[in-house]
Amino acid sequence: MNFELSKKQQLFRQMIRDFAEKEVKPIAAEVDEKEIFPLENVEKMAKLGIMGIPIPSGYGGPGGDNIMYSIAVEELSRVCGTTGVIVSAHTSLCVAPIYEFGNEEQKNRFLPKLCKGEWIGAFGLTEPNAGTDASAQQTTAIEDGDSYILNGSKIFITNAGYAHVYIILAMTDKSAGVKGITAFIVEKETPGFSIGKKELKLGIRGSSTCELIFENCRVPKENLLGKVGGGFSIAMKTLDGGRIGIAAQALGIAQGALDETVKYTKERKQFGRSISQFQNTQFQMADLQTKTEAARLLVRSAAFKKDSGVSYSADAAMAKLFASETAMEVTTKAVQFHGGYGYTREYPVERMMRDAKITEIYEGTSEVQRMVIAAKMYK
Amino acid sequence: MKIVVCIKQVPDTTEIKINPVTGTLIRDGVPSIINPDDKSGLEAALTLKEKHGAHVTVITMGPPQADAVLREAMAMGADDAILLTDRKFAGADTLATSHALAAALSKMEWDLIITGRQAIDGDTAQVGPQIAEHLDIPQVSYVQDIDYNESIFTVKKKTEEGYQVLEAEAPLLVTVLSSANKPRYMSVKGIVNAIDKEVKVSGVADIEAEESKMGLKGSPTKVHKAFSKGVKSAGEQFEVEEEEAVGIIISKLKEKFII
């Protein structure tokens with residue numbers, strides 16, 4: 001048992017924190033305010049190998065691991081939740097399933113460009129009538145010669161519009177229930193595929209969240225990911241990995257809010273002394289840092305298990321559940337500590353509070369995480 | 001082209017706090033970094049490598065933990081690294097340090113040696129020029145820019161009045177300013193590879209240096225007194241046009257009864 005990061009992981013944390021502080025933090029408020037997708041920073045991250053961290057060099061990745069990946073999302077989210085989720089959705093929901101379930105030809109075709117950031121990735125499972133009940137898919141894929149014809153729509157798709165590669169789940173056999181769901185790799189220019197309405201959101205406002213529309217969209221059979229009917233299993237396993245990313249995002253937001261609050265409470269003076277000297281501040285802050293550190297251990301433990309090749313589904317669910325609810329609590333209290341200033345956009349904590357909320361919802365709500373955890377307990 | 005970059009691990013002085021009672025530096029928990037001028041020098045070497053092709057070696061003298069800055073340098077793109085570490089190096093002032101580095105360098109091949117102008121923990125700016133003197137090679141200090149063309153280095157040297165542009169042939173030593181370059185970030189792949197690379201570790205015997213010139217024994221510097229500078233207030237900054245600036249300065253000077 002060893003709770004220390006390896007030298008490699010420590011060096012990586014130094015690098016990503018340096019990058020986040022110098023490149024991401026200075027524009028985070030503007031990214032939020034003006035809903036700017038930070039494309040320039042995505043390009044910079046791609047050059048440094050941040051857009052495919054756990055992928056081996058044979059497929060164009062830098063050959064890092066999932067702990068490093070979780071550190072990347074944590075450190076980016078510590079200063080900008082938007083940037084954290086762009087990397088997380090790209091890596092966990094598009095790069096990872098192609099690496100884990102794709103055939104050699106698909107891996108060689110898609111992974112190098114995704115890892116080098118020439119292409120951004122996205123994932124489409126959620127539909128207007130298939131949210132937590134993801135099995136209720138209405139998008140269909142009908143076999144037609146050497147292709148499948150997709151019809152239907154997906155909603156709330158992160159990175160939509162900027163992404164070139166989309167992992168799309170669709171029903172190939174309605175009578176077979178979840179075993180009738182198949183996964184496809186759909187490229188941006190595929191005829192019949194278009195981007196619909198862009199959502200206006202409470203938080204992570206710089207990330208692009210849109211509807212995807214498929215109208216007789218012809219996807220060649222070589223873009224079928226995994227087996228026909230194996231899509232639901234791919235989607236669930238992909239979301240297991242995704243939850244490590246979102247847990248890391250939530251963790252980063254919580255730590256960012258704590259760091260800001262430590263700084264503020266030291267500077268802010270009331271009743272003749274800095275408010276950090278009040279026991280109420282110290283006790284509450286101690287509780288929040290303890291919860292954040294517990295979240296960090298859950299995130300690292302889930303990432304470690306993924307790297308070790310053992311089952312980590314419940315671990316990722318626990319990490320996401322605990323980290324996201326901690327992020328919400330920490331950021332809400334961070335605003336409270338900042339008082340009236342915290343409610344204004346002069347300080348970053350209100351943004352962090354808005355960004356934290358989504359981590360309890362996407363890639364499986366907190367309720368879904370509890371279902372996953374309980375299902376393992378009562379197996 | 002073969003380039004050797006001398007780097008130093010230093011405490012991040014921007015993170016150092018002063019014990020208000022004793023007036024001494026609180027070094028606990030202060031992160032160690034590559035000295036900023038040296039990191040800029042490494043960036044200059046890596047830029048030359050990209051433009052003209054070069055083999056870049058980084059070298060440092062320090063305790064075994066200085067391995068960390070060598071790994072960082074390799075993760076940025078240096079090809080290999082040498083760590084001079086030996087209890088006999090301990091307590092070295094600038095002269096003993098430059099003797100040790102020059103001894104190690106004299107056993108290597110190079111066209112260009114790059115050092116930072118000075119280290120943020122000592123601020124002497126002596127080690128680079130001393131190395132050049134020991135090795136008896138030309139040197140250009142306070143370098144803002146360096147380029148290479150047909151075996152000639154063109155070097156822009158900062159002076160109090162402006163710049164001098166100088167040309168020099170290899171072998172050459174330059175000391176680089178931190179303002180010369182914005183050092184690149186380590187890459188993920190660079191980090192993954194740097195961790196597995198071997199760092200060559202050398203002691204006094206390996207570099208065949210004269211022991212009497214090493215460490216405390218070889219250090220004529222005597223510290224007369226150590227004290228911390230008085231804390232200055234942050235001051236006021238104005239971002240205004242020149243004409244307006246003159247007015248502000250005059251009114252501030254009048255406010256303080258200086259004029």
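## Some thoughts on the sheet that holds strand S7 (residues 80-84) of chain B
Residues and elements named next belong to chain B. Strand order in this open sheet of 9 strands is S11-S10-S9-S12-S8-S1-S6-S7-S13, and the pairing throughout is mixed. Strands at the two margins of the open sheet, each flanked by one partner only, are strand S11 (163-169) and strand S13 (199-202). Between one strand axis and the next, the sheet turns through 30° on average, direction left out of account. Taken together, the 6 bridges between strand S9 (residues 139-149) and strand S10 (residues 152-158) define a ladder with antiparallel strand orientation. Bridge assignment links Asp145 to a residue of S10, and that residue is Lys156. Against the sheet, helix H2 (residues 67-76) makes contact with strand S6 (55-61), S7 and S13, and its axis sits at roughly 165° relative to S7, the strand it touches most. Against the sheet, helix H4 (residues 127-135) engages strand S8 (112-116), S9 and strand S12 (172-176), with an angle of about 175° to S12.

## Some details on the nonpolar core
Judged by nonpolar contacts, the single largest core of 187 residues is most densely connected at Phe184(A), Ala247(A), Val299(A), Ala73(B) and Ala100(B). Among the elements that line this core, the one with the most residues is helix H6 (residues 231-267) of chain A, at 15 residues. When sequence neighbours within four positions are dropped, the list of residues in contact with Ala73(B) reads Ile7(B), Ile34(B), Leu42(B), Val58(B), Ala78(B) and Ala81(B).

## Examining the environment of Pro56(A)
Residues and elements named next belong to chain A. Looking at the element boundaries, Pro56 is found in the loop between helix H2 (39-48) and helix H3 (66-79). For Pro56, a count of 15 C-beta atoms within 10 Å translates into the label partly exposed. Taking C-alpha positions, Pro56 is 28 Å from Thr190, a pair spaced 134 residues apart along the chain. Those residues within four positions of Pro56 in sequence are excluded, and the remaining contacts are Gly61 and Gly63.

## Describing the pairing of strand S7 (residues 209-220) of chain A
Residue and element names in this part refer to chain A. Two elements, strand S3 (residues 147-158) and S7, share 9 bridges in a ladder whose sense is antiparallel. Residue Tyr148 lies in a different strand from S7, and its bridge partner there is Val219. Across 4 bridges, strand S6 (residues 193-198) lies against S7 in antiparallel orientation. Paired with Ile195 across the bridge in S7 is Leu212.

## With respect to the confidence of the model for chain B
Note that predicted coordinates carrying low pLDDT should not be read in detail. Summarising the model, chain B shows a mean pLDDT of 92, and 96% of its residues fall at 70 or more. Scored as a complex, the prediction yields pTM 0.91 and ipTM 0.93.

## Structural notes on helix H1 (residues 36-52) of chain B
Residue and element names in this part refer to chain B. Its 17 residues place the ends of H1 24 Å apart at the C-alpha level, agreeing with the 24 Å of an ideal helix rising 1.5 Å per residue. Of all 17 residues that make up H1, 12 are buried, and the element is covered over most of its length. Every buried residue belonging to H1 is among Pro36, Asp37, Asp38, Lys39, Ser40, Gly41, Leu42, Glu43, Ala44, Ala45, Leu46 and Leu48, and all of these are buried. One or two steps after H1, the chain reaches Gly53, where phi turns positive at roughly 80°.

## Notes on the packing of H6(A) against helix H7 (residues 279-308) of chain A
Residues and elements named next belong to chain A. Following both chains from N to C, one finds H6 and H7 inclined at 155°, their axes separated by 9 Å at the closest point. Between H6 and H7, the angle falls in the class roughly antiparallel. The interaxial crossing formed by H6 with H7 has left-handed handedness. Residues Gly241, Ile244, Ala247, Ala248, Leu251, Ala254, Gln255, Leu258, Thr261 and Thr265 of H6 form the contact with H7, whose participating residues are Thr281, Met285, Leu288, Gln289, Thr292, Ala295, Arg296, Leu298, Val299, Ala302, Ala303 and Lys306. Class assignment of the residues belonging to the contact of H6 with H7 gives a composition of 13 nonpolar, 7 polar and 2 charged.

## A short note on the environment of Leu46(B)
All names here are of chain B. Of note, Leu46 is situated in helix H1. By the C-beta count within 10 Å, which is 22 here, Leu46 ends up buried. Sequence spacing of Leu46 and Glu242 is 196 residues, and the spatial spacing of their C-alpha atoms is 38 Å. Apart from residues lying up to four places away in sequence, Leu46 is in contact with Val56, Met76, Gly77 and Arg184.

Cut-offs used in this document
Residues numbered from 1 in each chain as written. Chains lettered and ligands numbered in written order. Predicted model: local features only at pLDDT ≥ 70, side-chain atom pairs only at ≥ 80, totals over all residues. Pairing = 2+ DSSP bridges. Helix = DSSP H or I, 4+ residues; strand = E, 2+ residues; numbered from the N terminus. Axes fitted to C-alpha atoms, helices over the stretch in contact; angles between N-to-C directions. Contact = placed C-beta atoms within 7 Å. Core = buried A, V, L, I, M, F, W, Y, C linked by C-beta atoms within 7 Å. Buried ≥ 20, exposed ≤ 12 C-beta atoms within 10 Å, placed from the backbone. pLDDT = per-residue confidence, 0-100. Expected span 1.5 Å × (residues − 1). Parallel < 35°, antiparallel > 145°, perpendicular 65-115°, else oblique. Left-handed = near helix turned anticlockwise from the far one by under 90°. Nonpolar A, V, L, I, M, F, W, Y, C, P; charged D, E, K, R; others polar.

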